[in-house]
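What follows is each chain in one-letter form.
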Amino acid sequence: QVQLVESGGGLVQAGGSLRLSCAASGSRASVATMAWYRQAPGKQRDLVASIRPSGSTDYADSVKGRFTISRDYVKKQAYLQMNNLKPEDTAVYYCKMILTSSVYYWGQGTQVTVSS
């Protein structure tokens, strides 16, 4: 059974930084793509960043240059460093472990609120 637990969310002023963490259980974390999504009230859940087992990364255009995704294979954790936060970054952030297109797992989400 795979479990993902996010942490690190909170309230921050615009221009500030937060670091989200996602701790994964199970033996397959090292072969999975790890991703961060976010969902603002009344909006769909959108991809923020992803990192493949190889370490290659992708980012949404809206966060390029401000957010950095990384992972620790030994600790089975993924991270999202968020700098220069903007009010429009306010959302619930979800961690996702992707094994295949039809086998994936979600965390419970962590709230990020950026005040202006």
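Caption draft 1: Just the state of the cysteines, in detail. Taken as a whole, this structure holds 1 disulfide when the rule is applied. Here C22 engages in a disulfide with C95; their sulfurs sit 2.0 Å apart. The S-S bond linking C22 to C95 shows a torsion near -80 degrees; that makes this disulfide left-handed. Here C95 lies in strand β9 (residues 91–98) and C22 lies in strand β3 (residues 18–24), a separation of 73 residues in the sequence.

Caption draft 2: Highlighting the side chain of E6. Among the structural elements, E6 can be located in strand β1 (residues 4–7). Buried charge E6 goes without a salt bridge, the closest partner of opposite sign being R45 at 7.5 Å. Polar side-chain contacts of E6 include one of 3.0 Å to the backbone nitrogen of Q108. Within the structure, E6 has its side chain in polar contact with the backbone nitrogen of G109 (distance 2.9 Å). With residues up to four places along the chain from it excluded, the contact list for E6 reads S21, C22, W36, Y93, Y94, C95, G107, Q108, G109 and T110.

How each quantity is defined
Starting afresh in each chain, residues are numbered from 1 along the sequence in its written order. Given that this is a predicted model, residues contribute local features only at a pLDDT of at least 70 and side-chain atom pairs are listed and counted only at 80 or more, while totals for whole chains, interfaces and linings are drawn from all residues. Side-chain numbers come from the whole structure's heavy atoms, not from hydrogens or water. By convention in this document, the label disulfide applies to cysteine sulfur atom pairs within 2.5 Å. By the criteria applied, helices consist of DSSP H or I runs no shorter than four residues and strands consist of E runs no shorter than two, each listed in order from the N terminus. Accessibility here uses a 1.4 Å probe with only protein chains present; expressed as a share of the type maximum, an area under 20% marks a residue as buried, one over 50% as exposed, and anything in between as partly exposed. Charged residues are defined narrowly, with Lys and Arg counted positive, Asp and Glu counted negative, and His plus the chain ends left uncounted. What makes a salt bridge here is a side-chain nitrogen of Lys or Arg within 4 Å of a carboxyl oxygen of Asp or Glu, nothing more. Polar contacts, as used here, are pairs of N or O atoms within 3.5 Å; protein pairs need one atom able to donate a hydrogen and one able to accept it. Residues neighboring in sequence count only if both atoms are side-chain atoms. Contacts were defined at the residue level, with two residues in contact if any of their heavy atoms lie within 4.5 Å.

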